[in-house]
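# Descriptive structure summary
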Amino acid sequence: MSASDGWLIAVAGYAILLAWPLSTVILVWFAVRYVGTHRATVVNKALASGGGKPEQFWIIVPALNEEAVVANTVAAALRLRGPAGTLTRVLVVDDGSDDRTPEVLATIDHPRLHVMRRELPEARQGKGEALNAAYRLIASLTASEGVPAERVALGIIDGDGQGSDNILAEVGRLMGDTKVGAVQVQVRIRNRDKLLGAVQDLEFGAIVDACQNMRDALDTVGLGGNGQFSRLSTLISLGSAPWSSCLVEDMELGLRMHLQGVSIRYTSRASVTQQAVVDIKRLARQRTRWAQGNLQCARYLGSLFTSGNIARTALVEILHYLVSPWANAVVTVMLTLTGTAGVLGLLTGHPMPLLPTWVSLGESLGVWAVVTTFPGLVWVLVHRAKRADEAMPRMLLAALAYPLFLLLGLTATYRALGRQLTGKQAWAKTERLVEEPLALQTA
């Protein structure tokens, strides 16, 4: 390798190195400065339209072996109230549970609770199929009741999810704009007293929140598995099975909506809380599943390029969202190999031009340590400024652990690629933690 080649690699490496903190600064701006003015614009537009507010809300709770949490989830869902004059009902889809989930649900007697029991072989075909079954039932009931499909909203709250008190009012306000077909609310972590829980709340409560704010500006908001609300008429336009067998059926649903020109809004004024995965092995398994689902969504790249409903800036952001995890994984391997080659060169007396001395190697490692730690510390400040509901020492510890959290994500990316190439699709569900019971409101 010539000296010029070494400098070329150095320039490329430091360009990549600077891209992360630069992108962090841009997202921080969206997290802190952008939200207020944009929200006012979105809400005013919704109020001006005014004709799209839902009259009915259905909260769908997909449940497969959720005995540890389903009682609390249902109790929290039944507490939710929409604006005056709206009807809110809860539909639990028991997808063939073989634990005590059916018995727990049988003990809950409430006029607004409906339980759909699915049996094998129809059951256990994935979360998407469970949601499709619930959607078809709600569409049938809505038609029989004579309620316009555009005035009905379906919200998904996972088995461990609990929505904030204002969630339906906030969703209804944004859906006042008839062009809005779906709304995604912010996701927070409840058990953030654990280090892994705090890291995941830093991720959802600050980083993902900032990304979604930026995507709200570009009209590219993505739907999540928890806290997504869709207009029934929008789902009907996607056919009898809006959700697919994709491992990230929520993300794919959002892509299909964007391809049809449906507007999706995001709000951090309402939230849904969920349990963090606090076991390393289970967390790695969860992130591998997400990465594999992201890879499955690559089949939409051609449609995104040819769609007439997606603006160029929106297309760039969506492509970045789909491709960047894989690009980051490739770049990380290249830089790791370069560093390894540099160490071997110094040990054998044939140093690389990029790393001619041990001092230069130490300096490079120091720079990388600073750059990889910097974003987490910045996000702690954002989290503190916007949430102010966590102790600073614990969040600082989460920031220091964040680079290792990202390394786990890169490992999951490669595991996902291996699973996809070998045709492995089956996944064990995420296990839940038992929590203190919530009181059930009877009204």
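Definitions and limits used
Residues numbered from 1 in each chain as written. Predicted model: local features only at pLDDT ≥ 70, side-chain atom pairs only at ≥ 80, totals over all residues. Heavy atoms only, no water. Helix = DSSP H or I, 4+ residues; strand = E, 2+ residues; numbered from the N terminus. Rg over C-alpha atoms; globule rule 2.2 N^0.38 Å. Buried < 20%, exposed > 50% of the residue type's maximum accessible area, 1.4 Å probe, protein only. Contact = heavy atoms within 4.5 Å. Areas by Shrake-Rupley, 256 points an atom, 1.4 Å probe, with all protein chains shown as cover. Lys, Arg positive; Asp, Glu negative; His and termini not counted. Charge placed at Lys NZ, Arg CZ, Asp CG, Glu CD. Core = buried A, V, L, I, M, F, W, Y, C linked by side-chain atoms within 4.5 Å. pLDDT = per-residue confidence, 0-100. Phe/Tyr/Trp six-rings, centres within 6.5 Å; stacked < 30°, edge-to-face > 60°. Lys NZ or Arg CZ within 6 Å of the ring centre and 35° of its normal. Salt bridge = Lys/Arg side-chain N within 4 Å of Asp/Glu carboxyl O.

## Some remarks on the overall build of the protein chain
Per the secondary structure count, the protein chain includes 13 helices and eight strands. In summary, the protein chain has a C-alpha radius of gyration of 23 Å against a globular reference of 22 Å for 443 residues, a match within 12%. Expressed along its principal axes, the backbone C-alpha trace of the protein chain runs to roughly 80 × 50 × 45 Å. Per-residue burial over the protein chain gives 51% buried out of 443 residues. Look at the contacts in the protein chain between residues 6 or more apart in sequence, and 82% of them connect residues 24 or more apart. If you sum the accessible surface of the protein chain, you get close to 20000 Å²; carbon and sulfur atoms cover 62% of it. For the protein chain, the centre of its 42 positive side-chain charges and the centre of its 37 negative side-chain charges are spaced 4 Å apart.

## Description of the nonpolar core
With 32 residues, the main nonpolar core has Ile59, Val74, Val90, Val92 and Phe229 as its most contacted residues. Of all the elements in the fold, those that place two or more residues in this core are strand E1 (56–63), helix H2 (70–79), strand E2 (87–94), helix H3 (101–106), helix H5 (167–174), strand E6 (180–189) and strand E8 (263–274). Among residues more than four places away in sequence, those in contact with Val74 are Val92, Leu105, Ile108 and Leu113. Judged by nonpolar contacts, the second largest core, of 29 residues, contains Leu91, Ala133, Val147 and Leu238.

## Some remarks on the confidence of the model for the protein chain
Note that predicted coordinates carrying low pLDDT should not be read in detail. Summarising the model, the protein chain shows a mean pLDDT of 88, and 91% of its residues fall at 70 or more. Overall, residues 1–7 carries pLDDT values under 50, and its contacts beyond four positions in sequence, including any with other chains, amount to eight contacts.

## Side note on the side chain of Gln200
Tracing the chain through its elements places Gln200 in helix H6 (residues 195–218). Beyond its immediate sequence surroundings of up to four residues, Gln200 is in contact with Ile189, Ala276, Val277, Leu283, Arg287 and Phe405.

## A short note on the packing of aromatic side chains
The final tally for this structure, using the stated rule, is one aromatic pair. Taken together, a centroid distance of 6.2 Å and an interplanar angle of 25° make the contact between Tyr402 and Phe405 stacked. Here the residue Tyr402 and the residue Phe405 both occupy positions in helix H13 (residues 392–421), the gap between them amounting to three residues, near one helical turn. When its relative accessible area of 9% is taken as the criterion, Phe405 is described as buried. It is Arg215 that lies over the ring of Tyr321; its NZ or CZ is 4.2 Å from the centre.

## A word on the pattern of salt bridges
Counting across every chain of the model gives 25 salt bridges. Asp94 is the salt-bridge partner of Arg117, the closest N and O atoms lying 2.6 Å from each other. Here the residue Arg117 occupies a position in strand E3 (residues 113–117), and Asp94 occupies one in strand E2, the gap between them amounting to 23 residues. The class for Arg117 is partly exposed, based on a relative accessible area of 36%. Residue Asp94 is classed as buried on the basis of its relative accessible area, which comes to 2%. With a shortest N-O distance of 3.2 Å, Asp98 and Arg124 are connected by a salt bridge. Note that Asp98 is positioned in the loop between E2 and H3 and Arg124 in the loop between E3 and helix H4 (127–145), a separation of 26 residues in sequence. Exposure remark for Asp98: the relative accessible area of 60% places this residue in the exposed category. You can call Arg124 partly exposed: its relative accessible area is 34%. Salt bridges linked by common partners bring Arg188, Arg192, Asp201, Asp389, Glu390 and Arg394 together as one network.

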